[in-house]
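# Observations on chain architecture
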Amino acid sequence: MAGNSVGSGEHNRLRRRSFLTRAGALGVAGLAGCLSFDSATADGPATELIEEGFATADIEPPFETTIAITQGEERNRFAQLLQSELNGTGFFDVEIESRDFGSHIESMLSAADTEENAIFVASWTGGWDPSNYVTMLFHSEYQTPNGLNVGHYENETVDEYIDAGLTETDSDDRVEIYRNLQQELVSDSPASFVRFREATHVWDGDVVSDWQTYPLQPGSYYAVYAPWAGVYTDLENETEFVGDLGSDVSNYDPVKINGTVSSQATALVYEQLVGIDFDGEVQPMLATDWEQLDATTYRFSLREGVQFHNGEKLTATHVKRSFQRYEGTTRESDVYDWYESSTIIDDHTIEINCKREYGPFETALFNVAIVPLAAIDGELDLQEEPIGTGPYRFVEHESGNHWRLRRFDDHWFTGDEAVPATPPIETVTLEIITEQSSRQAALERGDLHFSYNLPSASLSDFEENDDYGVGRRVSGGFDMILYPCYLPPFSEPSVRRGCNMLVPRERTLENVYHGIGQLAYSPVSPLLEDYAGESFQQEIANEYVRST
Amino acid sequence: MSLGRYVGRRLAITVPVLVGVSVLTFSFVHLLPGDAVDALVGFRDVSPATEAAIRAEYHLGQPVWNQYLLWLRDAVTLEFGESPVTGRDVTATIGSRLPATLALGGAAWLLALAIGIPAGIVTAVKAGEPADELGRIAALAGIATPNFWLGLILLFVFSVRLGWVRVIPPDAPLASIATAKFLVLPTITLGTAAAALVMRLLRSSIRRELDAPYVTTARAKGLPERTVVLKHVLRNALLPVVTIAGLQLAFLVDGAVVVEGIFSWPGMGRLLVRSILRRDYPLIQAIVLLIGVAIVLANLLVDVIYAILDPRIRY
């Protein structure tokens, strides 16, 4: 085995513990169903890189370290696969430590300061813009605790690419920038990307005849009625749609919302200037038209005849003050990262000024909900009752029980060939069910018409069952391994590169996640086809991960 | 001393006990890394000024003992403040979940007694016979079965396969037939272990009493066995059961987290767990205080009933 050829004769003694660990690790790898020999050949170049790095950093193998994970069976199994790969090289002696979610986050935020010796397994969800996937994770300005650059990675080239991507507005140039950035990130490997997650939707075929799967979780329920995206759903013999939420809704106010579930619940209540539809295209929503006047100024024409649920009519003042409202709140960076000011031209025209040229401008607009003046002035508390311009209005929220919306009859949409003027579904009830098995049971019994993110093991059963429809789309989420770049030997890029080649991606996808998801080699999700489509992922894989 | 004075004294001691409980809870939760603002902010890029402002609003920057005193000052007037995570009134939040918790906890408690007491009597009287053996095996099964497993099995058999009951609570008020029907399965899940415990305890208690001289006297007097057991023995044998029942009431109220999760029952158990994970201090303090009050009062009730059941016990 490779381990024996490393180091001077004195250190050649196989330590009993690492021998047993390796034997056990091989056992695990064997049991995982694949003592596959392609991992043995990948061993070669990967181990060489690691060896090189250890020599440069002057570290004696095996290096003891920990894989830090959150609790959960899937995480545990992935960690075991990774552990067996790393220990198998003889350079590492790895243990696994699982913690509750809060403590895991805490330790990631303080890892660099305490020089914690651990590799962190984490998940991240990006959105519709490539900058979402890289900025907080890899820019040196966002080193913890100011961001999620856990390993305190610092690379000038990466910083430059990220900054350029944020200020470039030409889409072709942006694609070029982000592809170069991804190449640089994979070759330097501050993190290893393992799997891109999928949004999985399951619906009762007897009630719901057709359903479109929105790839990002906050927008799961857009399919109910999203005229701006050309999508709506009709039910068979029913006017009430019963879906679910994986946890309780905590905040209703856009400037306070901090969880995916709260965004999901209020998606049909609030609207924004523009929307990103099911194919990733920007569509007019509350703005009908816009043009770029100069590098940092955009002029928007607002839709006429838009009513809020409390009767107010939409004007440019609503837009301006809805933006300003973010100041001093936990969500202020959604706006003030790029927004400078806005100028009201007339009741239905507004100019927005950015601090500088901003690439993700349209995606950023999709994040800013437009709310009524009564809420901005404090007469209404959005935390008590969310009020927007969306096609559904809030009815009630029974804590821990359900969230209910009812069709808003004065919604602005007047109908076209694709979508009717009135949403066919009258009531949307989202049952709050935290236990995954219970959600599945409720769907099977018919207590629910729809559920999302069911356990991957059960998905194939639903796919084979004609009574149910299943929708799967690659979403913006990915699982990754973050290396502690502040600590030798992980401070050496060659060590990280080597580890990156060893990550058992295929086995994890097949055995742990039952094939749900896609292999990930670079950070940007293939959801953004221009920036990181499948062929690009393959290119990266061939060059940096697979040994040829 | 008289019962009245005894109760008065016990109630007076309650206050220092509750203060002690709240101090311990506060300290332990603050030992956990991270605070509510961290949970709110996550990894977002929030300006230090904003974070500082939010911290100040909820007194999170101050030394721990100072925060505790501020909380105590408000708690004394039953003002439990606002949750920094949701911005909602703590009392209202707990109030919305409390009826559901009491309903499930109370039902499970009544089930435990309704099954445990008769079963305990039967197995004690028929000791050594097949009925007793059956009872013992049933009790063992009841105590050994993890309640999440039992809950899931009941759910899949009766809800999914047979379709007799819903998987999730019906859209009906708490005091309705539909909800009562739904509560059958979670009540069985929660109450089984408690019922088994009551049964075993009562059985051994009755067996012990049946050896007492007064029982021989009663039988010699010609009283039917039924009267001997139910009228004379039971009253004495119930004492240990009263203790257990009283404590169980408190524990059942504090929230059967797992059972609530499986049946999506909106009780306080899950609320407490979520609050801890999000470091929602005011909510944690209020719930723990409520549990403390429940346990103290349950203990007091147990001791009072003791005194009523057994006139020899006087304080």
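Everything discussed here concerns the structure shown above.
Since the model is a prediction, treat every value here as computed from it, not as a measurement.

### Examining the overall build of chain B
On a plain count of helices and strands, chain B comes out with 13 helices and zero strands. The secondary structure elements of chain B, listed N-terminal to C-terminal, are α-α-α-α-α-α-α-α-α-α-α-α-α. Per-residue burial over chain B gives 44% buried out of 315 residues. Sequence-distant contacts in chain B: of pairs separated by 6 or more residues, those separated by 24 or more amount to 74%. Counting 28 positive and 21 negative side-chain charges, chain B places the averaged centre of each group 11 Å from the other.

### Digging into the pattern of salt bridges
Residue and element names in this part refer to chain A. Here the structure, examined in full by the defined rule, presents 27 salt bridges over all chains. Between Glu85 and Arg507 there is a salt bridge whose closest N-O contact spans 2.5 Å. Placement of Glu85 in helix α3 (residues 73-89) and of Arg507 in helix α16 (residues 505-512) is noted, with a sequence separation of 422 residues between them. Judged on exposure class, the residue Glu85 and its partner Arg507 are both buried. Linking Asp334 and Arg331 is a salt bridge whose minimum nitrogen-to-oxygen distance equals 2.5 Å. Residue classification places Arg331 among the buried residues on the basis of a relative accessible area of 13%. Overlapping salt bridges bring together Arg75, Arg195, Arg197 and Asp479 as one network.

### Concerning the packing of aromatic side chains
What characterises a pair of aromatic rings is the spacing of the ring centres plus the angle enclosed by the ring planes. Residue and element names in this part refer to chain A. Within the structure shown, the criterion is met by 40 aromatic pairs over all chains. When the ring of Tyr298 is compared with that of Phe361, the centres are 3.9 Å apart and the planes differ by 20°; the resulting orientation is stacked. A residue pair is termed long-range when its members are at least 10 positions apart, and Tyr298 in strand β11 (residues 297-302) and Phe361 in helix α11 (residues 361-365) qualify at 63 residues. Taking the centre distance of 6.2 Å and the plane angle of 90° together, the rings of Phe323 and Trp338 count as edge-to-face. Separated by 15 residues along the polypeptide, Phe323 in helix α9 (residues 316-324) and Trp338 in the loop between α10 (333-336) and β12 (339-346) bring together distant segments of the chain. Side by side, Phe323 and Trp338 carry an identical accessibility label, which is buried. Ring-pair connections join several aromatic residues into one group, and the members of that group are Trp290, Tyr298, Phe300, Phe323, Tyr336, Trp338, Tyr339, Tyr358 and Phe361. The ring centre of Tyr513 lies 3.5 Å from the NZ or CZ of Arg195, which sits over that ring. Between Arg439 and the ring centre of Tyr452, over which it is positioned, the NZ or CZ distance is 4.6 Å.

### Quick notes on the interface of chain A and chain B
Listed per partner, the contact involves 47 residues of chain A and 41 residues of chain B. With both chains or domains summed, chain A and chain B bury close to 3400 Å², and 51% of this area falls on carbon and sulfur atoms. Inspection of the chain A/chain B interface yields three salt bridges. Close ionic contact of Arg274 of chain B with Asp248 of chain A constitutes a salt bridge, the shortest N to O distance being 3.8 Å. Those elements that place two or more of their residues in the side of chain A that touches chain B are α4 (101-114), α10, β15 (402-407), β16 (427-432) and α13 (436-445) of chain A. Considering each element in turn, the side of chain A that touches chain B owes the most residues, six residues, to α13 of chain A. For the side of chain A that touches chain B, a count of residues per class yields 13 nonpolar, 19 polar and 15 charged.

### Details of the packing of α3 of chain A against α16 of chain A
Residue and element names in this part refer to chain A. Interhelical geometry of α3 versus α16 gives an angle of 150° and a closest axis separation of 10 Å. In terms of orientation, α3 lies roughly antiparallel with respect to α16. As α3 runs across α16, the sense of the crossing is right-handed. Contacts between α3 and α16 involve Glu74, Arg77, Phe78, Leu81 and Glu85 from the first element and Arg507, Thr508, Asn511 and Val512 from the second. Looking at side-chain class alone, the contact of α3 with α16 contains three nonpolar, two polar and four charged residues.

Criteria and thresholds
Residues numbered from 1 in each chain as written. Chains lettered and ligands numbered in written order. Predicted model: local features only at pLDDT ≥ 70, side-chain atom pairs only at ≥ 80, totals over all residues. Heavy atoms only, no water. Helix = DSSP H or I, 4+ residues; strand = E, 2+ residues; numbered from the N terminus. Buried < 20%, exposed > 50% of the residue type's maximum accessible area, 1.4 Å probe, protein only. Contact = heavy atoms within 4.5 Å. Lys, Arg positive; Asp, Glu negative; His and termini not counted. Charge placed at Lys NZ, Arg CZ, Asp CG, Glu CD. Salt bridge = Lys/Arg side-chain N within 4 Å of Asp/Glu carboxyl O. Phe/Tyr/Trp six-rings, centres within 6.5 Å; stacked < 30°, edge-to-face > 60°. Lys NZ or Arg CZ within 6 Å of the ring centre and 35° of its normal. Buried area = accessible area lost by both parts, 1.4 Å probe. Nonpolar A, V, L, I, M, F, W, Y, C, P; charged D, E, K, R; others polar. Axes fitted to C-alpha atoms, helices over the stretch in contact; angles between N-to-C directions. Parallel < 35°, antiparallel > 145°, perpendicular 65-115°, else oblique. Left-handed = near helix turned anticlockwise from the far one by under 90°.

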